[in-house]
Amino acid sequence: MSSPPNPPRPASTYRVQLTPDFGFAQVAEIAGYLRDLGVSHVYLSPILQATPESRHGYDVTDHSRIREEFGGATGFREMAQQLAAQDLGIVVDIVPNHMNTVNAQFWSVLKEGPASPYASWFDIDWVDGKVALPVLGDDTPPVVDGDVLRYHEHAFPHPGHYRLVDWREGPGYRRFFDVSSLIGLRVEDPSVLFATHEVIFWLLDEGLVDGLRVDHPDGLADPRGYLERLRARAGSAWTVVEKILIGPERLPDDWACDGTTGYEVLNRVNGLFVDPAGKQPLIRLFTELTGQPAEYRPVMAQAKQEVLDLFFGAEVDRLAKATSCDPAAVRELLAAMPVYRAYVVPGEPPPPLAVETVELAAASCSPAVRPLVQEVLYGSAEAIVRFQQACGPVMAKGVEDTALYRWFPLACLNEVGGEPDVFGVPVEEFHEFCAGLPPYTMTTLSTHDTKRSEDVRARLSVLSEMPGEWAAAVAEWSAQVSFDPHLDYLAWQNLMAAWPISAERFTDFLLKAAREAKTAISWVNPDPGYERRLRAFAEAAVRLPIGGFTERVDPYAMSNSLGAKLVQLMMPGVPDVYQGNETTDFSLVDPDNRRPVTFPRKPETSWDSAKLLVTTQALRLRRRLGGAAAYLPLHAEGARADHVIAFARAATDTATNLTPWPETTDVWAGAAPESDAWGRDTTDGDFGARAAAGGDGQVRGEADGGPGVRATAALGADSGAGAAADADRGAGAADADPRAGAAVRDDAPQPARVDAGHRAQPADGYRPRRADEDEVRIDAGHGPPPAGKHHVRADAGDGAPPAGEHGARAGAGQSARASGEHDVRAGAGQLDQAAGEHQLQGVAEGRARAVAEAGVRPRAVVVATRLPVRLAAEGGWGATTLTLPAGTWRDLLTGALFTGRIPLAHLLGQYPVSLLERHDL
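Calculation criteria
Residue positions within a chain follow its written sequence, with the count starting from 1. pLDDT decides what is reported in this predicted model: residues at 70 or higher carry local features, side-chain atom pairs at 80 or more are listed and counted, and totals for whole chains, interfaces and linings draw on all residues regardless. No hydrogens and no water enter the side-chain calculation; it runs on all heavy atoms of the structure. Detection works on a 1 Å grid of protein atoms alone, calling trapped sets that fit a 1.4 Å probe cavities and calling open sets with protein on both sides within 12 Å along at least five of seven lines pockets, with lining residues defined by an atom within 4 Å of a point. Grid points are joined across faces, edges and corners, and a volume is the space filled by probe spheres set on the points. Counting from the N terminus, the helices are DSSP H or I runs at least four residues long and the strands are E runs at least two residues long. When a carboxyl oxygen of Asp or Glu is within 4 Å of a side-chain nitrogen of Lys or Arg, the pair counts as a salt bridge. Classification of residues uses two cut-offs on accessible area relative to the type maximum, computed with a 1.4 Å probe and protein chains only: under 20% is buried, over 50% is exposed, and between them is partly exposed. Think of a nonpolar core as a cluster: buried Ala, Val, Leu, Ile, Met, Phe, Trp, Tyr and Cys residues, connected wherever their side-chain atoms sit within 4.5 Å. For two strands to be treated as a pair, DSSP must find no fewer than two bridges joining them. Contact criterion: two residues are considered in contact whenever any of their non-hydrogen atoms come within 4.5 Å of each other.

Comments concerning empty space enclosed by the protein
And then number 1: Taken as a whole and judged by the stated rule, the model has nine cavities of 30 Å³ or more.
And then number 2: The volume enclosed by the second largest cavity comes to roughly 100 Å³.
And then number 3: Among the secondary structure elements, those contributing two or more residues to the lining of the second largest cavity are helix H7 (263-272), helix H16 (454-462) and helix H21 (547-570).

Written out as structure tokens, the structure is:
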């Protein structure tokens, strides 16, 4: 079989939820709309044959067929042709971890037992040659019907190699979380992998599919091995994994994929628009209303312990047997694990980070877990794998589906992979995060699994800035209608943020929230009386004048919504737009967020119009810009500077022929993998240097002395550095502004900022580093460099390095420096020099020429408003300004032209965001 073609990597994707009512023909009909929107690829939910009535497709029943309800193979091919005619590619969602128990292969296993040719397909725990099936729910006896044994809607071969047990018991096979109707597949077996992926490989071979989204890799026995085999067969097809990363956790470097589906991005973008000052008032309000603890972690720990007792008895017993440990110790360690997987591979020494993670979890447990720790790190293959496969379900059910419905001072923080006690993400931290992102990871704000849509979260974020007003409103509503203290406060938040919402939709959300919280009812323990009262509460609540408060919030929520959308669409990675979210969408948790979407999206409000404009212009710009553009943080100056998040993206001329970078350094700066467009030099020193021209190019070279040098300069092609000039042009008017001792004129070199040195990155907040790494990094958007390298890192305007570093950094903003640093910066403004610093006077003319010749140019600038309520209270932007990279910039939202140093009040006038493209290239 020929190798699959090398498909283009997406510039952006648009997620479509396929249903029996919206199949391939309907996707083909919206091809022109999606093209005009600016996306490059349509991202489809699972396409293989599933149960006929399935609305999601993750319950595959036949891997050899494309789903008939969507149009089958013929319909898929016709859709692909229609999309290709509009220059749109296809990304498909694949489900390697599990399939529905109603399928021909499992029927053969139930009938023939371990002798079945398909016995190796499934992860089964055989007991006396039989597998336990948890289906019994009453005293009704099964009935023999010819060769079939029937029990209610269930059918089994008669006789067979199975035993029916109570539905509350765990099954005799690995399942997806606690869903016994989804049985785990053994894709670690190559024959199973190819049998379950044959249609996907055919689509890749024919060039009908360009990329893959891999569902739930944490459930696999060997996700690393699976991804290696997938890449070997699928070639260079763009591949992202639904991997939920918690806090500082990073995607393993040795996973053969382009990144994740973006939950870690979602939570950090969301955090940019949350005011940390609201944390204590909102937690105080929450505890007063609900009686819950003020700390989240104990609630999370208790929830995980409860779900282990409720759902995972079979998994615990199986792991206890594999490790020869007490089941109580197994439950204790699983409940303490802070992540979805520890990444230990049988037969290999466990990675230091995995050891640290498990040991840290064990430190909070009793001494009884010590033998278990040894087994899950160094024991048998079954012990190692079973433990990791159990961690994910416990996190998913204990945190996502329990704790997040119990502890909710600010519900916009209660997202998949989120930490609801972490209020706000500082701008500098966000820039650091973006600098470490792989260039083709997916970014997102809404998915089919998010607890709330991005615009619901935008409204809720506003509450962090006005906790007093919010508390007063909740008190007023609660005085009129109340129900359950554990649920009411969550109800008020979601009612306000999803307004207007029908009583039926609101009731459905509250029923799901109550069942997930498990404090009064649950999916397995219903209470008809409680549910009747809940419905009455929902019907009464929607009749209250909640909309008045929502109207008060909406101007600020619109600012948050547009800001988050623009940042997500323009930051490093491949941005995904979930269906319908190019305009406002006020959906709650699934299935509410999987409701049908009407195309084309037509604006009904000014917020809709603005969001559609921002989305369209950003997506179109991303297609012009290319995939792996460099990321350059920008920093405002003035009293309101903390109210803005700004960065530039720099395109790369991949035709430039450049000298290889010395082996002593490793560079990731956004250049596409196919070629490297950095200007590079050699030097006597050990570390790299980088010169970045704000308008006409960007170069990496090395300094003559050893410590690296970075120059980030808004320079003309042939001009030297060290001179600073600025053209403050708003609406076309230019004013001379003499600064840093240089006369300013329109055609003068633009402001230069030079920093020298290697900055040892302080305890990388996002990827715990090995102790022997001496890392100083240069990056503007790629993934982590290999451990053990001597890296230079240059960020365009980060915070100060730690005292004592021989660091110099040129940023697009100012940073305070600790005494003892050998740090020089010539900035677009006054040049401050602390005691002990040595000024670097300039960059050689040859370097400046190399800047232009390197072909890396800032082509786009993104500016978004943060914390709009507090900004308004402070009187607006005042004299706060932002210095743009050299050149003339057109705002794609307003058409205005800008250069130089711009007052933010002028730049962010009509919209609370600005998207600028270099106009004079």
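A word on the pattern of salt bridges
And then number 1: Applying the stated criterion across every chain yields a total of 54 salt bridges.
And then number 2: A salt bridge links Lys-243 to Glu-249; its shortest N-O distance comes to 3.9 Å. The two residues Lys-243 and Glu-249 agree in class, both being buried.
And then number 3: The partner of Arg-297 in a salt bridge is Glu-419, with the nearest N and O atoms 3.3 Å apart.

Some points on the nonpolar core
And then number 1: Formed by 112 residues in total, the largest nonpolar core has its most connected members in Leu-44, Phe-76, Val-92, Phe-430, Met-570 and Met-571.
And then number 2: Listed in part, the 111 residues of the second largest apolar core include Leu-319, Val-330, Val-474 and Trp-477.

Concerning the pairing of strand E5 (residues 89-94)
And then number 1: Burial of E5 is extensive: six of the six residues sit out of reach of the surface.
And then number 2: The alternating pattern of E5 places Gly-89, Val-91 and Asp-93 on one face and Ile-90, Val-92 and Ile-94 on the opposite face, and all of these are buried.
And then number 3: Both E5 and strand E14 (residues 211-214) contribute to a ladder of four bridges, which runs parallel. Bridge pairing links Val-91 to Gly-211 in E14.

Considerations on the sheet that holds strand E13 (residues 179-184)
And then number 1: Pairing is antiparallel in the open sheet, where three strands are placed in the order E6-E13-E12. Looking at the sheet topology across the chains shown, the edges are occupied by strand E6 (98-100) and strand E12 (175-176).

Looking at the side chain of Glu-516
And then number 1: Tracing the chain through its elements places Glu-516 in helix H19 (residues 503-517).
And then number 2: By relative accessible area, Glu-516 is classed as buried at 5%.
And then number 3: In this view, Glu-516 contacts Lys-397, Asp-401, Thr-402, Tyr-405 and Trp-523; residues no more than four positions away in its chain are not counted.

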